[in-house]
Amino acid sequence: MSDRRKRRRPDPDSDSESDTRPFKHLLKPDATILSSLRTLASSAAASSSKTLTLSDLRLSAACREVSDLPPSAVQSAIESLAVSLARSILSGQGFSFTVPSRSSANQLYVPELDRIVLKDKTSLRPYSSVSTVRKTTITTRILHLIHQLCLKNIHVTKRDLFYTDVKLFQDQTQSDAVLDDVSCILGCTRSSLNVVAAEKGVIPEQCRLPMTEQDIKTGKDLLEEDFVKKNPGWVEELNLMVKSKQKAEIQALSSFGFQRKRRRPDPDSDSESDTRPFKHLLKPDATILSSLRTLASSAAASSSKTLTLSDLRLSAACREVSDLPPSAVQSAIESLAVSLARSILSGQGFSFTVPSRSSANQLYVPELDRIVLKDKTSLRPYSSVSTVRKTTITTRILHLIHQLCLKNIHVTKRDLFYTDVKLFQDQTQSDAVLDDVSCILGCTRSSLNVVAAEKGVVVGRLIFSDN
């Protein structure tokens, strides 16, 4: 009896009375439905052969067309605006921006496009007026920055834009408001300006480190400082750090790749944001070059060639260390990789020959006024349990240095440590292997595009000026 009570899966071809679809008989055949859909599609295509725009509508008020523009079009629009401003100045009419009003009275909802557009009400923003001179300056600065972004096809956040000129903008709300004005002036969406909004996000797990007891004590001490208590935001962040017992540093972004770090500034750059106050005192390039050539000629006359280790008759064999360009360091690493591959293929295994940096292996050379290493070395094989970890770290550091030289990027020792915290565990380990790598390659550490940077504790907004 129990088997008979079990309900069978209904047969889709069955016309049984137990079919639970009571309106199935009302459905039209598939061919009929498809034919109706094709008819609807054809009529829709016939009624609208192109995308509806503002110009196609007969609106009661004149409105401004806003479009998504590519970077090249935004760049051209800014350049055209600059030309028109120059003509206005030369004709004696002065320097001013015509800014569309973004007030609610100047907005109009267009149901056919399902969006809000601006009407034709505008305001004048002249440079000659005391009340608008600052906003005009900010507008000019924002236009210049947007032009640079479009020229280099770089995307930044609103916060990035604000930090380019904190002294001028003073507050991000001011740069954000002018950014919206600029998009209205150019007749494009804000996203076309290569500037995006970014919420304050949670710091990724790999960017965090556990706080030491000393870190926690420092955090609690800072909470007692009067200047910290005056800023509720700082108090909130410090309380969160002390409670979670986790910290993060700006260098931790290196774990996402060195491209997220700021590149070394271009020495040929002539940016308006240059903060070198004595730049006007510099002599012309031709004068500087002439002085340098004179100095070089006198140096060559006094010494026909630079003294090297090979010119000296030393009591012990020593290793030559030189300042190498990134391309030479890159080639040295690639040659080392080839020799390691040959060693593995020949059955000799994988190991590094590392020059000893002990005091017994160091020699002071007075003729060169520097300390050099003698020829004592140690083997660091991958097959040994005692050295396998250090060999892995050495391989990782070599790979990272190769990437730095390939892309010509400079980072700090702290940046390098954060690229693989799980492997390095402590910065002292990555620092020690970094020095080993410079000895293996026979170059100075600065040749590896890695610089030392002291750790500092700071609170509040900072402005760095390069003099």
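Preceding block: the structure.
Heads up: these notes are all about the structure in this document. Model, not experiment: these values are computed from the prediction.

1. Observations regarding the nonpolar core
(1) Moving on: By size, the foremost hydrophobic cluster in this structure holds 29 residues, and its most contacted members are Val329, Ile397, Ile401, Leu441 and Leu448.
(2) Moving on: Going through the elements one at a time, helix 12 (326-345), strand 9 (351-355), helix 13 (388-407), helix 14 (413-418), helix 15 (421-424) and helix 16 (427-441) are the ones with two or more residues in this core.
(3) Moving on: Looking at which element gives the most residues to this core, the answer is helix 13, with seven residues.
(4) Moving on: With near-sequence residues (within four places) excluded, leucine 448 lies in contact with Val329, Ile401, Leu404, Leu434, Val437, Ser438, Leu441 and Cys443.
(5) Moving on: Ranked by size, the runner-up nonpolar core spans 27 residues in total, among them Val74, Leu145, Cys150 and Ile185.

2. Examining the pattern of salt bridges
(1) Moving on: Counted according to the given criterion, the structure contains seven salt bridges.
(2) Moving on: Put simply, arginine 141 and aspartate 165 hold a salt bridge, and the shortest N to O gap is 3.1 Å. With arginine 141 in helix 4 (residues 133-152) and aspartate 165 in the loop between helix 5 (158-163) and helix 6 (166-169), this residue pair connects regions lying 24 residues apart in the sequence.
(3) Moving on: Residues aspartate 420 and arginine 396 are paired through a salt bridge, measuring 3.2 Å at the closest nitrogen-oxygen approach. With aspartate 420 in the loop between helix 14 and helix 15 and arginine 396 in helix 13, this residue pair connects regions lying 24 residues apart in the sequence.
(4) Moving on: Shared partners join several salt bridges into a network, and the residues in it are Arg102, Arg125 and Asp181.

3. Some details on the environment of leucine 423
(1) Moving on: Relative to the helices and strands, leucine 423 is located in helix 15.
(2) Moving on: Relative accessible area serves as the criterion here: at 18%, leucine 423 is assigned to the buried category.

4. A few points about the state of the cysteines
A disulfide bridge is the covalent bond that connects two cysteines by way of their sulfur atoms.
(1) Moving on: Applying the stated criterion to the full structure yields zero disulfides.
(2) Moving on: Residue cysteine 188 stays outside any disulfide, its sulfur separated by 8.1 Å from that of cysteine 150, the closest cysteine.
(3) Moving on: Residue classification places cysteine 188 among the buried residues on the basis of a relative accessible area of 3%.
(4) Moving on: Cysteine cysteine 439 shares no disulfide, and the gap to the nearest cysteine sulfur, in cysteine 443, comes to 8.9 Å.
(5) Moving on: We classify cysteine 439 as buried; its relative accessible area is 13%.

5. A word on the side chain of serine 192
(1) Moving on: You can see serine 192 is positioned in the loop between helix 7 (172-186) and strand 6 (195-196).
(2) Moving on: Overall, serine 192 belongs to the buried group, its relative accessible area being 5%.
(3) Moving on: There is a polar contact of 3.0 Å between the side chain of serine 192 and the backbone nitrogen of leucine 69.
(4) Moving on: Reaching out from serine 192, the side chain makes a polar contact with the side chain of threonine 189 at a distance of 2.8 Å.
(5) Moving on: With residues near it in sequence (within four places) discarded, serine 192 still touches Ser67, Asp68, Leu69, Val74 and Cys150.

6. Quick notes on helix 13
(1) Moving on: With 20 residues, helix 13 ought to run about 28 Å at 1.5 Å a step, and its terminal C-alpha atoms sit 29 Å apart, in line with that.
(2) Moving on: If you check which residues of helix 13 are buried, you get Thr391, Ile393, Thr394, Ile397, Leu398, Leu400, Ile401, His402, Leu404 and Cys405.
(3) Moving on: Downstream of helix 13 by one or two residues, asparagine 408 has phi in the positive range, about 55°.

7. Digging into helix 8 (residues 213-223)
(1) Moving on: Residues of helix 8 that are buried: Ile216, Gly219, Leu222 and Leu223. Along the axis of helix 8, the buried positions cluster into a sector of 125°, meaning they face one direction only. Opposite its buried face, helix 8 presents the exposed residues Glu213 and Gln214, each directed more than 90 degrees away.
(2) Moving on: Those residues of helix 8 that are buried are in contact with helix 9 (226-229) and helix 10 (232-244).

What counts and what doesn't
- Residues numbered from 1 in each chain as written.
- Predicted model: local features only at pLDDT ≥ 70, side-chain atom pairs only at ≥ 80, totals over all residues.
- Heavy atoms only, no water.
- Core = buried A, V, L, I, M, F, W, Y, C linked by side-chain atoms within 4.5 Å.
- Buried < 20%, exposed > 50% of the residue type's maximum accessible area, 1.4 Å probe, protein only.
- Helix = DSSP H or I, 4+ residues; strand = E, 2+ residues; numbered from the N terminus.
- Contact = heavy atoms within 4.5 Å.
- Salt bridge = Lys/Arg side-chain N within 4 Å of Asp/Glu carboxyl O.
- Disulfide = S-S within 2.5 Å.
- Polar contact = N/O pair within 3.5 Å; in protein donor to acceptor, adjacent residues only side chain to side chain.
- Expected span 1.5 Å × (residues − 1).
- Arc of directions from axis to C-beta.

Interpretation in functional terms is not warranted from these geometric data alone.
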